[in-house]
Structure formats: C-alpha cells, structure tokens
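Summary of the model geometry
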Amino acid sequence: MKKEILYNLALFFSFIFLLGASHGQLIPRNSDKPEYRDFTSANGKTIKALLIDKTEDTLTLKLPNGKSATLSYEKLSKEDQEYVRKWDKEKELFLTQCKTLTIRELLEIRGYESFKFTIKGNHIFVEGELNGNKSQFMIDTGAGSTVLHIEAAKEKGCKVGPLDQVIFGIGGEAPAALTEVPEIRLGQAFIEDQVLLSADMFKDIPNARKEYDAILGAEFMSKMRAVISYKEGRIFFRPDLIDNDDEIEVPNVPEYRFFKTKDRKTYKGKIAKKNATSIELAIEGQNKNLTLPLGRLTDEDQKYATDWSPQREIFLRQCRGLTVQDILELRKYQSFEYKRLGNHIFVDGKLNKKDTRFMIDTGAGSSVLDVNWAKDTGCQVGPMDQVVYGIGGQAPAAITQVPSLTMGNAKFENRQLLSVDLFKRLGRGLKAYGAIFGADFMRETDAVITYREQKVFLQTD
C-alpha cells in the first residue's frame with residue numbers, strides 16, 4: 001500500500017519564480033567614540049566623565065584630563081546610580097574598541113566554522129560533499145527535513161528505495177523514495193547514516209537547471225547550531241555543540257602561544273604589533289620583543305598572524321561573556337524570538353496592521369502570501385492568472401498589492417507580491433501561518449538567523 005508523507009509545502013517555494021529582489025549592502029560600521037557624559041553627584045554638582053569600571057560597591061570614572069577617580073555609588077544621584085548599575089563593561093568595550101569587527105570575525109572567534117554561500121535568484125547555495133563527492137546544496141529554512149534530488153542520490157552512492165512515498169508541493173503530489181544516505185558533509189559539520197527522502201526535484205519545472213544535488217533543511221541547521229548571515233554572505237556551523245546546550249561559546253585561550261617557523265624554531269609569545277610583512281612578538285619572560293617576517297612562519301601561524309588584530313584580541317580576552325544576541329543587538333539589529341513548530345520557524349508581525357504569523361524561509365526567492373489571508377487583511381488581490389511551479393506541477397497565483405508588511409521596526413510598504421493557496425492540499429483547518437517571509441526581505445534587512453539562540457535579527461536602520 002502506498003505510504004504518504006506530508007512534507008512541508010514551503011520547501012517547494014524554492015522553485016517559484018517571483019517578481020523583483022532587493023539587495024542588502026555590506027556597510028562597515030565605525031567604532032563609536034567613548035561616551036563622556038554628565039554625572040551628577042548626590043549634592044547636585046555635575047562633572048563630565050567616562051565610566052570605565054565598576055564593582056558591586058564602587059565605580060571608576062575617567063575625566064577628560066586623563067585622570068581617574070573611584071567613588072561609591074552613594075556619591076551619585078539616584079538617576080546616575082541606576083545608569084551605573086545597568087552599565088556593562090564588556091558591551092562598552094565592544095562598542096568603543098571592537099565594533100569594526102565583522103560578523104564573520106566575531107563568530108569565527110567564538111569557534112564557528114564559516115562557509116561562503118552564493119546567491120542565485122535569491123536562493124543561497126553552499127558547496128559540500130555527498131558521500132565524499134563534491135556537491136552543491138541549497139539552504140532552505142522552510143524545508144522541515146533535508147531532501148535529495150533522486151538522480152544525484154543514485155549517482156553519488158546513496159541506496160534509493162522504490163518510489164512508494166508521496167510528497168506534496170504547491171502544484172500537487174509527486175512520488176518520492178526513502179533513501180539511505182551514508183554522509184552529508186560541509187567542512188567539519190556532517191550528518192551520517194540517515195534515511196531521507198529523494199525525489200525528482202526538477203521534473204515539473206519548465207526549463208529547469210539542475211543547480212544543486214540536495215536541499216539542506218531545518219533539521220540540519222538546528223543540529224549544527226547554524227547562523228545564516230545575509231550581510232556577510234556566509235553560513236556558520238558549530239558541530240562541536242551538537243550535544244551541548246551550555247552557553248560556553250568562546251574557546252578559553254592562554255595569554256601566550258607557541259609560534260613555529262619554517263626553519264623549525266619555536267617561540268612562546270604573543271603578538272604585540274604587526275604590519276603587512278612581519279609581526280613583533282612579546283616573548284614570555286623577556287623584556288625585549290622579537291620581530292619575525294610573516295613568510296618565515298608556518299602556514300598555520302601565518303594565518304593566525306594575518307587574522308590577528310588588536311580588536312580581535314580585546315574581544316577574545318575582555319568580551320567573552322557577550323552572547324551572539326548581545327553582539328548583534330549592539331550592532332543595531334532588532335531581534336525576534338522565533339517559534340518552532342516541528343523544524344519550521346515562525347515570527348509574528350503584521351500584514352496591513354493585522355497580526356500575522358510568518359514562516360521564515362530562505363528557500364523562498366520572494367515573500368509569498370496565502371491568498372485567503374491576503375484578502376482577509378485588505379490586500380488588493382488580482383485575478384489568479386499567474387503560474388508558479390514546484391513539486392507536483394503548477395499552481396495558480398495572483399499578483400497582489402500589499403500596502404504594508406511589518407516585523408518590529410522593519411516596514412515594507414507598497415510592495416507587489418504573489419498570493420497562492422498555501423493550504424489547498426492541507427485544508428483550511430490546518431492553516432498555521434499567513435505568509436512566507438522570503439529571501440527578498442531577508443536580503444533587504446541583512447537578516448541573521450541563529451538556530452542556537454532561536455532568533456531572527458533584522459537591521460532596520
């Protein structure tokens with residue numbers, strides 16, 4: 001008897017051809033200047049100073065003339081006492097000395113492995129291996145599980161069963177096969193000995209180009225504690241945290257490390273200075289520094305020296321307590337805690353000022369509305385004279401004028417999207433969301449998706 005698997009239809013919006021795309025730009029942010037502010041004493045006297053440290057009972061202020069003063073909280077007005085209590089030294093150091101670090105640098109310092117992704121038609125692709133064979137994968141947060149293109153699965157050594165499963169897409173149903181997958185790998189991140197589904201991913205799409213071998217779905221992203229950054233054009237994994245829910249993120253490193261040269265000499269020190277061709281090492285236990293040409297170092301130590309910067313050093317040693325959420329919010333991202341239903345992630349927002357739940361879907365080239373919800377919220381829905389393609393064939397769609405779509409401070413006005421019946425195959429009673437927040441809006445807001453902290457971050461300024 002044929003078995004049916006109700007596979008999340010949002011996966012198949014990967015194949016929809018939609019209108020337009022907006023591109024986020026990678027704009028470096030300069031470090032903020034130290035915040036000298038007016039502090040008022042308990043007797044009303046005001047001085048301009050910079051808060052540089054605090055304990056449970058005292059605080060240390062730096063004056064504009066360079067001198068510092070330590071005093072008890074009670075010496076300040078109640079308002080300034082509250083300011084000091086809320087002040088965080090790690091965050092202040094980050095804002096004043098580390099803010100030029102890119103998201104990539106900050107995450108790699110925290111132990112993440114990063115992969116550059118390419119964007120084609122708003123879809124994101126990364127290179128990896130399927131059973132040791134070079135492969136192209138599409139990253140799709142809207143796909144509940146990883147699914148393989150059946151031809152690639154056979155060609156690359158997977159054991160493909162009979163086509164006795166059924167998956168549902170936007171256009172209807174299509175046959176699928178249970179498939180034994182020895183390994184899928186991206187760098188150090190991998191899954192092995194999995195039973196996944198495979199199907200002809202391109203059968204029902206006219207003139208489809210077979211650009212990838214599999215879709216990496218939400219279960220893979222969750223397992224690897226993925227971070228997806230549209231600003232950086234990278235995806236980051238922490239496979240070492242698969243079975244660890246602790247918040248220990250930054251590796252604990254000693255003050256001094258061993259530097260090795262190609263002529264087999266070893267020095268224990270730390271970088272004091274560097275330029276384009278050499279580094280200056282402060283050697284442990286010595287008063288004099290040693291200058292070494294970069295070309296004399298081993299390849300591993302050359303990379304370490306090339307990546308090193310005073311900002312990285314400050315972050316690594318003095319901002320260890322900051323979480324990924326802290327870092328992004330200090331970079332002026334607005335955060336949204338997402339809700340998980342199965343492996344899918346949802347964020348609440350508004351469509352024409354009406355509360356709406358959005359599914360976050362990197363596999364959807366553009367954002368999509370459920371046609372019934374679009375009508376209920378006052379969007380101008382045109383005739384169903386458009387066509388979208390996906391698993392199972394084609395389905396009708398309508399060009400829809402959207403007055404406003406908001407998520408926190410992110411606001412999209414007077415946009416033209418497509419509306420489709422997202423739940424035709426599921427039934428109206430199983431409706432779980434009103435729209436798909438796709439890659440077009442995520443690129444526009446330089447979105448970051450973090451599976452470890454279960455949040456979506458948007459940059460709205």
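Shown above is the structure to which this text applies.
Reference entry: report on the structure contained in this document. (Residues numbered from 1 in each chain as written. Predicted model: local features only at pLDDT ≥ 70, side-chain atom pairs only at ≥ 80, totals over all residues. Heavy atoms only, no water.)

Moving on: the overall build of the chain. A tally of helices and strands in the chain yields 10 helices and 32 strands. Scored against the burial criterion, the 461 residues of the chain give a buried share of 49%. Considering only residue pairs separated by 6 or more positions, the chain has 64% of its internal contacts joining residues 24 or more positions apart. (Helix = DSSP H or I, 4+ residues; strand = E, 2+ residues; numbered from the N terminus. Buried < 20%, exposed > 50% of the residue type's maximum accessible area, 1.4 Å probe, protein only. Contact = heavy atoms within 4.5 Å.)

This structure, assessed with the given rule, holds two cavities of 30 Å³ or more. Considering only enclosed or pocket space, the largest cavity measures out at about 50 Å³ in volume. Lining of the largest cavity is provided by Ile103, Leu106, Leu107, Arg110, Val324, Ile327 and Leu328. Only helix H3 (103-109) and helix H8 (324-330) provide two or more residues apiece to the lining of the largest cavity. Within the lining of the largest cavity, the residues separate by chemical class into six nonpolar, no polar and one charged. (1 Å grid on protein atoms, 1.4 Å probe; cavity = no way out; pocket = protein on both sides within 12 Å on 5 of 7 lines; lining within 4 Å. Points joined across faces, edges and corners; volume = space filled by probe spheres on them. Nonpolar A, V, L, I, M, F, W, Y, C, P; charged D, E, K, R; others polar.)

The N-to-C vectors of helix H2 (residues 89-98) and helix H7 (residues 310-318) enclose an angle of 175 degrees; their axes lie 10 Å apart at closest approach. With respect to H7, the element H2 is oriented roughly antiparallel. Counting all contacts with H2, which are made through Glu90, Leu93, Phe94, Gln97 and Cys98, the residues of H7 involved are Gln311, Ile314, Phe315 and Gln318. Across the contact of H2 with H7, the residue classes tally to five nonpolar, three polar and one charged. (Axes fitted to C-alpha atoms, helices over the stretch in contact; angles between N-to-C directions. Parallel < 35°, antiparallel > 145°, perpendicular 65-115°, else oblique.)

Okay, H7 next. Among the residues of H7, Arg312, Glu313, Ile314, Phe315 and Leu316 are the ones counted as buried. For H7, the elements touching its buried residues are H2, H3, helix H6 (299-307) and H8.

Once that is clear, we can look at the packing of aromatic side chains. Per the counting criterion, the structure on display carries 15 aromatic pairs. Here the aromatic rings of Phe346 and Tyr433 are separated by 5.4 Å at their centres, their planes lie at 40 degrees, and the arrangement is tilted. Linking Phe346 in strand E23 (residues 344-351) with Tyr433 in the loop between strand E29 (410-420) and strand E30 (435-437), this pair joins segments that are 87 residues apart in sequence. The exposure class assigned to Tyr433 is buried, which follows from its relative accessible area of 6%. Taken together, a centroid distance of 6.3 Å and an interplanar angle of 80 degrees make the contact between Phe358 and Phe437 edge-to-face. Residue Phe358 is found in strand E24 (residues 354-360), and its partner Phe437 is found in strand E30; the two are separated by 79 residues along the sequence. (Phe/Tyr/Trp six-rings, centres within 6.5 Å; stacked < 30°, edge-to-face > 60°.)

Counted according to the given criterion, the structure contains 22 salt bridges. Note that Glu444 and Arg415 form a salt bridge whose closest N and O atoms lie 2.8 Å from each other. Pair noted here: Glu444 is in helix H10 (residues 439-444) and Arg415 is in strand E29, with a separation of 29 residues, a long-range link. On the accessibility criterion, Arg415 (23% relative accessible area) is partly exposed. Ionic contacts of the salt-bridge type, sharing partners, join the residues Lys339, Asp348 and Arg357 into one network. (Salt bridge = Lys/Arg side-chain N within 4 Å of Asp/Glu carboxyl O.)

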